[in-house]
Structure formats: C-alpha cells, structure tokens
Amino acid sequence: MTIRAVLWDVDDTIFDYAGADRAGMRAHLTAEGLAGLHGTVEEALRRWKELTELHWRRYEEEPAGSWQDQRRHRVRDFLGRPALTDAEADAWFGRYVTHYEAAWELFPDALPVLDLLAPDYRQAVLSNSSIHAQEPKLRALGVRDHFEAVLCAAELGSAKPAAAAFHAACTALGLAPHQVAYVGDRPDIDALGAQEAGLHGIWLDRSGTGEQPGLRRITDLHQLPPLLRGDTRFGAPSTFG
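Moving on, we get to the nonpolar core. The biggest cluster of nonpolar side chains holds 52 residues, and the ones touching the most others in it are W8, F147, L221, L224 and L228. At seven residues, helix 2 (residues 41-61) tops the list of elements feeding residues into this core. The residues touching L224, leaving out its near neighbours within four places in the chain, are V6, W8, V113, L117, V183, I202 and I218. Ranked by size, the runner-up nonpolar core spans 17 residues in total, among them A124, A149, L151 and A169.

Both faces of the sheet carry side chains from a regular strand, because those side chains alternate between them. Counting buried residues in strand 5 (residues 200-204) gives five out of five residues, a clear majority hidden from the surface. Judged by which residues are buried, strand 5 turns out to be covered on both faces: H200, I202 and L204 on one side and G201 and W203 on the other are all buried. Sheet topology places strand 4 (residues 180-184) next to strand 5; four bridges connect them, and they run parallel. Bridge assignment links V183 to a residue of strand 5, and that residue is I202. On the question of chirality, the crossover connecting strand 4 to the parallel strand 5 by way of helix 9 (residues 187-196) is right-handed. Alignment of strand 5 against strand 6 (residues 216-218), held across three bridges, turns out to be parallel. Each bridged residue has a counterpart across the sheet, and for L204 the counterpart in strand 6 is I218.

Below, the discussion takes up the packing of aromatic side chains. Under the criterion given, the structure shown has 13 aromatic pairs. Measuring from centroid to centroid gives 6.5 Å for F15 and Y17, while their planes differ by 65°, and the two rings are edge-to-face. With a relative accessible area of 0%, F15 lands in the buried category. Taking the relative accessible area as the measure of exposure, Y17 reaches 15% and is therefore buried. With a centroid separation of 5.2 Å and 70° between ring planes, the pair formed by F93 and Y96 is classed as edge-to-face. On the criterion of helical spacing, the pair formed by F93 and Y96 is a turn pair, its members being three residues apart in helix 4 (residues 86-102). The two residues F93 and Y96 agree in class, both being buried. What links up through ring pairs into an aromatic cluster is the set F15, Y17, W48, F78, W92, F93, Y96, Y100 and W104.

Definitions and limits used
- Residues numbered from 1 in each chain as written.
- Predicted model: local features only at pLDDT ≥ 70, side-chain atom pairs only at ≥ 80, totals over all residues.
- Heavy atoms only, no water.
- Core = buried A, V, L, I, M, F, W, Y, C linked by side-chain atoms within 4.5 Å.
- Buried < 20%, exposed > 50% of the residue type's maximum accessible area, 1.4 Å probe, protein only.
- Helix = DSSP H or I, 4+ residues; strand = E, 2+ residues; numbered from the N terminus.
- Contact = heavy atoms within 4.5 Å.
- Pairing = 2+ DSSP bridges.
- Right-handed = clockwise from strand over helix to strand, strands pointing away.
- Phe/Tyr/Trp six-rings, centres within 6.5 Å; stacked < 30°, edge-to-face > 60°.

Purely spatial values, then, with no claim about function.
This is the structure:
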C-alpha cells in the first residue's frame, strides 16, 4: 500500500505552541501588571493552560461557533471578569498575541523533515484552528510553501477527530484516505481519529512517555521517513502494508 501524502497537525507538532504560549503569557502578565493575579506567575500560567484546553475542547465540539468567542471566553474566565465587553476582551487578547508571536519557533526537527519528505510525498495541513491563525503563522515560520493546502476546522465546520475533517483534507488532495498519513501530537484527536477515518494515523509523542496500544508512535520527526517506508523500529506496532 503506497502512502502518497503526509497530512500534518501544526500546534505542538511542527510548531512549539506550548512553549510560545507560555513565554508569551509570562511576558504579557508582566506588561499588564498581572503577575500576581492567580497568586504566582506559575499558577497564572497553569490557569491559562487549563482555560485554553477547556475552551478548545468546546470549540472542537462546535467548530461552527465563533472563532473569536472561544478567545473572549478564555480572557473573561482568566481575568474573572464575566462582564468584559467583546472589544475589551479582544484588545486584551491582542496584546497577549504580540508577546506570543514574538516567541514563535518551529521544533528543531520540523524543517529538516519537511524538506526530506518533499521529493517523495505531497504535504498538507489539517488543524483544529482557523485559517486566519494558521496561514500567517506558517508564513512567518517560513514553511507555508511546503503545503499544498491548509485546512482548518473553523472553515470546514468539522473538527478532528471527526472523520469528516480528515476526509475533507483527503478530498482537497484528491487522494483516498488509505493513501494519506496523518501526523499529530495527540493520540486521540490526531492519530486515532485519523486511523478510524481510514488514514494512517501517526502519534508524535515528543515526551516519549506515552503508551497507546494499536497506534503508530514516534518520539521525533526524524523517525517519520523510515516509518513511512515501512520500517517499524521506532515503536510502530505494524507496517503500513
């Protein structure tokens, strides 16, 4: 069975979202005079992460909702100010984004592997985000030209792990699901979702501490090319054939 394309997640897969989010929020709290809002900066960062995950889950379940709304809800909950207007919440988030964008970085293995795969595999992005967030990010990071298409839940109206999201990406590539591998950092949303949709799901477990029987797993993107060729030394339970 021939894999003809690699479909990528972005945040915490090729782009260090968690690192940029943490560094950006730390700088933002200092600039806003809010370092003690939740007791300590570490507690504030933990609370921001919890709220991000909460509102992302809600957005993934209802991607047709407003992209801006999930950001506004995060801000209101984080500040403990439910009456904050949309304009006020947007302005606060916008100031955070300035610090967040200043901390953007690819993971060190991302660009070398994107380049290595380019001669043999078509590549595209499927993200549970918005095209308005991911397109500028990929361009700023210098990797947008590696991808034939960038598809996002906000515009598709369907989010991973729904099969419809994966199938929409396959349709955009003009390929059947069994011809496409999907790489992402979440075993459930990314790898298992792709696998259940008929793609070849690959879980990028950068921490190297996870365990998900039945999923193809790598801990570094440099392990991806041999895995695509059917070499299973890197934790994959079976070949693609």
